[in-house]
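Chain residues, written in single-letter form:
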Amino acid sequence: MPKSRNDKLQGTLTLLVLRTLASRGALHGYGLCEHIHTVSDELLQVEEGSLYPALHRMEQDGWITAEWLVTNKGRSAKFYSITARGQQQLADEEATWDRLTRGVTRVLRYS
């Protein structure tokens, strides 16, 4: 049975969230999902059922912080920001992703 796009995304969610927060600044969950979806040319879709447990774990690990703020639509929402520890984790995640994609590319090009 083939995996869905969301299953393939699971292993990269931390990387995508940390990179988004590093580049965009504080965002609420919906903003994170929308940014990733838009920037990926609608190829990636982060489901709330995956996002919020990941955000909670990253907050517990000290990679992000969260605070309740009011959105531009006047609603209260939890906004997430990357920490210095999160910046280091992002560097580690990017290095791991680079090694992984280089390895996969080499295998795919081998004939």
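Scroll up for the structure.
Just so it is clear, the structure is predicted and the values come from calculations on it, not from any experiment.

**Structural notes on the pairing of strand 2 (residues 64-70)**
As defined by bridge partners, strand 2 adjoins strand 3 (residues 76-82) across seven bridges and the pair is classed as antiparallel. Each residue of the ladder has a partner; that of W68, found in strand 3, is K78. Between strand 2 and strand 3, which pair antiparallel in sequence order, lie five residues; one of them, G74, sits at a positive phi of approximately 80 degrees.

**Topic: the pairing of strand 3**
In this sheet, strand 3 lies alongside strand 1 (residues 27-28) in antiparallel orientation, the contact comprising two bridges. When the sheet's bridge partners are listed, H28 is paired in strand 3 with F79.

**Quick notes on the environment of W63**
With respect to the helices and strands, the residue W63 is situated in the loop between helix 4 (48-60) and strand 2. The exposure class of W63 is buried, given its relative accessible area of 13%. With 22 residues separating them in the primary sequence, W63 and R85 have C-alpha atoms 5.3 Å apart. Beyond its immediate chain neighbours, meaning those up to four positions away, W63 contacts T14, L18, R57, M58, S81, I82, T83, R85, G86 and Q89.

**Digging into the sheet that holds strand 3**
The antiparallel open sheet is built from three strands, whose spatial order is 1-3-2. Every other strand in the sheet has two partners, leaving strand 1 and strand 2 as the edge strands with one partner each.

So, how was this worked out
Residues numbered from 1 in each chain as written. Predicted model: local features only at pLDDT ≥ 70, side-chain atom pairs only at ≥ 80, totals over all residues. Heavy atoms only, no water. Pairing = 2+ DSSP bridges. Helix = DSSP H or I, 4+ residues; strand = E, 2+ residues; numbered from the N terminus. Buried < 20%, exposed > 50% of the residue type's maximum accessible area, 1.4 Å probe, protein only. Contact = heavy atoms within 4.5 Å.

Just geometry here; none of it tells us what the structure is for.
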